[in-house]
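# Remarks on the overall topology
What follows is the residue order along each chain.
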Amino acid sequence: MNTLSYGRAALPDAELVRLFSQMTQVRHLDTSAIAWQRQGILPGYAPMRGQEAAQVGSVAALDMSRDFVFPTYREMGAALAAGVDMGEYMATHKATWNGGMYDARETRVTPIQTVIGGSALHAVGWAHGQRLDAAAAGADEPLDLPVALVYLGDGASSQGDIHEAMNFAGVFETPTVFFVQNNGWAISVPTERQVAGGSVAARGAGYGIASIHVDGNDVEAVVQATRAAVAHARSGAGPAVVEAMTYRRGPHSTSDDPGRYRSLAEERRDGGVDPMDALRDRLLEAGALTAEDVAAIQSEAEAFEERVRADVQAQGPRPGAEMFEYVYQEMPAPLREQAAAWREESDHV
Amino acid sequence: MSNAVATPPVDAGAGRTVPAERTGRTTLSMNQAINAALHDALAENPRTLVLGEDVGRLGGVFRVTDGLQAKFGADRVFDTPLAESGILGMSAGLAMAGYHPIPEVQFDGFTYPAINQLVTQIARMNFRTRGALPMPITLRMPSFGGIQSPELHSESLEWLFAHVAGLKVVSPSSPHQAYHLLRHAAQRPDPVVYMEPKSRYWQKGRVDFDEPGNLEGAHVARAGRHLTLVAWGAMVSRCLQAAEAAAEDGLDVEVLDLRWLSPIDADALAASISKTRRAVVVHEAPKTAGLGAEVSQLITERCFGTLKAPVERVTGFDVPFPSGSLENEYIPNIDRILYGIQRVLEYRRG
């Protein structure tokens, strides 16, 4: 295994407090979104409880002024950390617009991806484009490339597109970071029935890709490991795989019933320490936070959730004309005719 | 040595300057015409890329990309690993980075492994992102049968592509059409599937660089008064031959080259059939749910009152595209087209 080493220099307390605040927002919003679904505000939601450290920590290693994030459908924490408006993000779960309402170009976060592994090749292509840009500009080695970071899970690692993406990334030496959140479960199927060999990171060796295995519940370690992977890719040295070992502490989705495939006792045993508790206790012990600070951060997260909920509840259906408008940049005549007929036959304009 | 580092072009800098515009007329085979169109697309737009299996040093298995890597360098014309999903997924990412990729799928049947990226990603990305990440991708593929190829090297997939919202589909029938339609497609901001009739690659024809003609919609390949044959790709020349044969019997047959299979030019169908009042659609794909059914319905919607007979279909059968020994049975031949014409002419109302 071509292991990429990474520095363990401690992050400043102020940075850890910032990450803890973000993670608290993410945890509370995630928990609330499940409640919203029960209350009928959202038709469905894909919880990410337990993956806050992996998602917030990985984005903290990026430069969002030039890097690009390629999420799946379980990256609310990453999207929040990347600066995506959460009302616009939740629009996909509100069934307002598939992919979300946020501007993928402005935010540098591709739309919410429902095809497992579907984005990995895009991250390779986009990253290759950065190499071509640098070559056309006559950039000198070591390069200073914008980096594509694509999220995938243990389940996605079974998809053929992940193999093709890693192989293409290896062949073209693209500045792509494959960030694997190994959360133990692909809906109901555990990692041992999903990942032959037991490790996605270990597969990197077969593609000549540098790999890092990291505790995905330790936000500091995630930041350090992802920074090393990003620096590697940015310099032009090629792609990297970060496998963050974490645990999906909730159901796959709001229509899932984990009781059918794992017991509460197993969850307690396999889930280990909650990343939120670990970070909070550490910051309290270090004196970086007081109990009052923690309470204040929680209240801010609750106020934030209320604002997002109001945004989501205010979202009405999109104008029907949009389903015609966005299919093409240049709308073909037959579609224009269908749109005109729809307008004539319906009361919605 | 790093694969990622560019091999400098033979004549460095050639890729960044627009060559003197091609002018006048010349005679080219279709693969030469497509090669010229790719050359000019690369020269015109420095963000245009050509990628695929064996498109670089080899110049493509049909030599369609011959010489392009030497001219424009290995950064702009490059070989990929042998994986069609990878080629199309990478193209989607390159489009997100502001490039206009022209990927090649080496044979039409090899599109099947890439259907996921084509249908769930490339076709839907503009829609999903509300126009923020358009997919200006021109997907080329040698298409249709007629060369006695191995299995899945000959398919007729326009029925599939035309049904996918977000894709446009075009197929040229002559070197002139091939050059201009590819130049046109490569300037579009939407994904276009460009289906090259592989059996016609070596047929020569006049290419007029000054007069592209109308590049949208259908094209009247042969004007006639008595009946319209509707076709595309390699079937256009076969229909022209059938029309010549029919002319010996005093029949004046019009041949409408549909060219665009998505969107279909319903106005051109109406204009032709309201004149001839009879139509036969000819295609290589299986009959059931083929584009012949769509064409027939478009004609019926617009020309029901004037039609002398139901629209006839002469197509492939509902079987897998067979091996070469059966190709002449499967692909509509001139006799079957003439029988189709005869059925329409002999039709009598109840």
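Residues numbered from 1 in each chain as written. Chains lettered and ligands numbered in written order. Predicted model: local features only at pLDDT ≥ 70, side-chain atom pairs only at ≥ 80, totals over all residues. Heavy atoms only, no water.

As annotated in an unreviewed UniProt entry, chain B carries the name 3-methyl-2-oxobutanoate dehydrogenase (2-methylpropanoyl-transferring) and comes from Zhihengliuella salsuginis.

As recorded in an unreviewed UniProt entry, chain A goes by the name 2-oxoisovalerate dehydrogenase subunit alpha, listed as coming from Zhihengliuella salsuginis. Reading the Function (unreviewed entry) entry of the UniProt record for chain A gives the comment "The branched-chain alpha-keto dehydrogenase complex catalyzes the overall conversion of alpha-keto acids to acyl-CoA and CO(2). It contains multiple copies of three enzymatic components: branched-chain alpha-keto acid decarboxylase (E1), lipoamide acyltransferase (E2) and lipoamide dehydrogenase (E3)." Quoted straight from UniProt, the Cofactor (unreviewed entry) entry for chain A says "thiamine diphosphate". (UniProt positions renumbered as here; feature names shortened; annotations may be inferred.)

## Topic: the pairing of strand E4 (residues 100–104) of chain B
Residues and elements named next belong to chain B. Of all 5 residues in E4, 5 are buried, a share of seventy percent or more. In E4, alternate side chains face the same way, and those of His-100, Ile-102 and Glu-104 on one face and Pro-101 and Pro-103 on the other are all buried. For strand E2 (residues 48–52) and E4, the ladder comprises 5 bridges, and the chain directions are parallel. Note on E4: the bridge partner recorded for Thr-48 is His-100. (Buried < 20%, exposed > 50% of the residue type's maximum accessible area, 1.4 Å probe, protein only. Helix = DSSP H or I, 4+ residues; strand = E, 2+ residues; numbered from the N terminus. Pairing = 2+ DSSP bridges.)

## With respect to unusual backbone geometry
As a rule of thumb, non-glycine residues mostly have phi less than zero, and peptide bonds are mostly trans rather than cis. Across the junction of A:Glu141 and A:Pro142, the peptide omega takes the value -5°, indicating a cis bond. Residue placement: A:Pro142 occurs in the loop between helix H6 (120–136) and strand E2 (148–153). The omega torsion across B:Ser262 and B:Pro263 is -5°, close enough to zero to call that bond cis. Topologically, B:Pro263 is positioned in the loop between strand E12 (260–262) and helix H9 (266–276). Within the chain, B:Asp54 stands out as a residue other than glycine whose phi angle is a positive 65°. Along the chain, the position of B:Asp54 falls in the loop between E2 and helix H2 (68–72). In this structure, B:Gln148 takes a positive phi of about 55° despite not being glycine. Summarising the element assignment, B:Gln148 is placed in the loop between strand E5 (138–143) and helix H6 (158–162). Overall, the relative accessible area of 58% leaves B:Gln148 in the exposed class.

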